[in-house]
Amino acid sequence: MKPFAFTRASNSQTAIQAVVRDQAAKFLAGGTNLVDLMKEDVEQPNHLVDINRLALTRIEERNGGLRLGALARNSDTANHRLVRERFPLVSQAILSGASAQLRNAATNGGNLMQRTRCYYFYDVAMPCNKRQPGSGCGALEGFNRMHAILGASTECIAVHPSDMCVALTALDAVVQVEGPQGARSIPFAEFHRLPGDTPQLDTNLKHGELITAIDLPAAASAFAGNSYYLKIRDRASYAFALVSVAAALDIQNGTIRQARLALGGVAHKPWRAPEAEAVLNGALLNQETFRRAATAALEKAQGYKYNSFKVELGRRGIVRALTVAAGEGRTA
Ligand SMILES: Cc1cc2nc3c(=O)[nH]c(=O)nc-3n(C[C@H](O)[C@H](O)[C@H](O)COP(=O)(O)OP(=O)(O)OC[C@H]3O[C@@H](n4cnc5c(N)ncnc54)[C@H](O)[C@@H]3O)c2cc1C
Ligand code: SF4
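What comes next concerns the included structure. Remember, predicted model here, so these are calculated numbers, not experimental data. (Residues numbered from 1 in each chain as written. Chains lettered and ligands numbered in written order. Predicted model: local features only at pLDDT ≥ 70, side-chain atom pairs only at ≥ 80, totals over all residues. Heavy atoms only, no water.)

With that settled, the discussion passes to the sheet that holds strand E9 (residues 227-232). In a beta sheet, neighbouring strands are held together by backbone hydrogen bonds and run either parallel or antiparallel to one another. Taken in spatial order, the 4 strands line up as E9-E10-E11-E12 in an open sheet, and their pairing is antiparallel. Bordering the open sheet on either side are E9 and strand E12 (271-272), each of which pairs with just one other strand. Along the sheet, helix H12 (residues 309-325) contacts E9, strand E10 (243-252) and strand E11 (255-264); its crossing angle with E10, the most-contacted strand, is approximately 35 degrees. (Pairing = 2+ DSSP bridges. Helix = DSSP H or I, 4+ residues; strand = E, 2+ residues; numbered from the N terminus. Contact = heavy atoms within 4.5 Å. Axes fitted to C-alpha atoms, helices over the stretch in contact; angles between N-to-C directions.)

Below, the structure written as structure tokens:
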């Protein structure tokens, strides 16, 4: 690991100013992703600004919804009574990720900012446009079993690894940010980026901007009774999603009033599926509707040599997740 300076910030402004002053400085939260990447020389910050003492740990009601502090630990968020009651999809998604020990250390802000698990990104001997722009993409013609089937580019076919973010995108969460130019709100769908020709950029956060909170809107609690997060992975522990599905339904008398559907493990960002939602909204609650939604969600999917199986896996996952969200077959 390269030597680095370490500062412990006591408030948001000093943290932001310390990072703004140095292009190679980074915030340090739980460290569960950043420190691993530093040990592998993938990330080489020369200054870490520890934000763990900032007062951003609260989970509180706000405008009928919930505000999740950026420094609330993933465990505390998943197990919070109001999150479980009103936004169980978020709770399920968090609990399907990592391990209890990791969730105790990992923060909500860090979860949004965690980097891809592409093997070539982690291996500094291999080309990777995300780690070193212009060096090429090892995965494109390489072993691309875990990679994207939607929204990829010829520069990068990596996927975003977070589970929590899949639920947050389905529920139209909003990311609250403070930076050198003041505070701003970023709708979740605009927070992460597709790779295009700048795969080194994972998000639209600017250097020095600090995530302070994530807001879950009141309207999203309409899905509390009929939502489900399905994660399909190679093994039951410590594995990132091959495909995951966040399904949320608002049902009345056998008809779907409103639906939300998002996928994980398929794209460079948590993938909202508006085509599927259009099929579901106002439709009869049955398997035929779920199958049509699944087909619509993956219509534009394109597999690579080792990951084409994800397209059918995604379709089946969507049908399964919607079935469980609807209250049938709640056994997965
Ligand atoms: C073995 C293992 C298995 C895992 N499995 C899963 C899984 O199945 N599903 C899943 O979703 N995740 C999984 N994770 C990832 C884990 O959830 C993330 O590492 C964690 O959420 C990151 O949070 P952190 O607080 O530790 O972030 P850090 O490692 O401290 O930081 C990560 C990045 O976020 C930035 N950052 C942190 N906080 C802020 C902020 N407030 N504002 C701006 N930038 C910030 C940092 O500068 C850094 O770039 C796994 C991790 C490990 C090690
Ligand atoms: S898929 Fe993206 S992260 Fe992986 S090697 Fe290619 S450029 Fe790097």
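Of all hydrophobic cores here, the largest spans 37 residues; its most connected members are Leu-89, Val-90, Leu-112, Leu-168, Leu-171, Val-175 and Leu-216. Every element with two or more residues in this core is listed here: strand E5 (65-69), helix H4 (81-86), helix H5 (88-95), helix H9 (164-170), strand E6 (174-179), strand E8 (210-216) and E10. Leu-230, Ile-256, Leu-263 and Val-319 belong to the second-largest nonpolar core, a separate cluster that totals 35 residues. (Core = buried A, V, L, I, M, F, W, Y, C linked by side-chain atoms within 4.5 Å. Buried < 20%, exposed > 50% of the residue type's maximum accessible area, 1.4 Å probe, protein only.)

Right, let's get into the site of ligand 1. In the region of ligand 1, 34 residues are neighbours, and Phe-27, Gly-31, Thr-32, Thr-107 and Asp-163 sit closest. One of the backbone N or O atoms of Ala-29 is found 2.9 Å from an oxygen atom in ligand 1. The fraction of the free accessible surface of ligand 1 (980 Å²) that becomes covered by protein chains is 94%. Among the elements of the structure, strand E2 (25-28), helix H2 (34-39), helix H7 (108-113) and E8 are those that each provide at least two residues to the shell around ligand 1. Of all the elements, H7 adds the most residues to the shell around ligand 1, at 4 residues. Looking at the shell around ligand 1 residue by residue, the classes come out as 16 nonpolar, 12 polar and 6 charged. (Near = heavy atom within 4 Å. Polar contact = N/O pair within 3.5 Å; in protein donor to acceptor, adjacent residues only side chain to side chain. Areas by Shrake-Rupley, 256 points an atom, 1.4 Å probe, with all protein chains shown as cover. Nonpolar A, V, L, I, M, F, W, Y, C, P; charged D, E, K, R; others polar.)

Attention now moves to the side chain of His-47. Position of His-47 relative to the elements: it lies in strand E3 (residues 47-50). Classification of His-47 by relative accessible area gives buried; the value is 15%. For His-47, the side chain forms a polar contact with the side chain of Thr-7, separated by 2.5 Å. The residues touching His-47, leaving out its near neighbours within four places in the chain, are Phe-4, Ala-5, Phe-6, Thr-7, Ala-18, Asp-22, Ala-24, Ala-25 and Lys-26.

This part covers the environment of Lys-231. Its location among the elements puts Lys-231 in strand E9. Lys-231 gets classed as buried once you look at its relative accessible area, which sits at 13%. C-alpha separation for the pair Lys-231 and Gly-265, spaced 34 residues apart in sequence, amounts to 9.3 Å. In contact with Lys-231, other than residues within four places in its own chain, are Ser-96, Gly-97, Asp-163, Ala-239, Phe-240, Ala-241, Val-243 and Ser-244. For Lys-231, the side chain forms a polar contact with the main-chain oxygen of Ser-96, separated by 2.9 Å.

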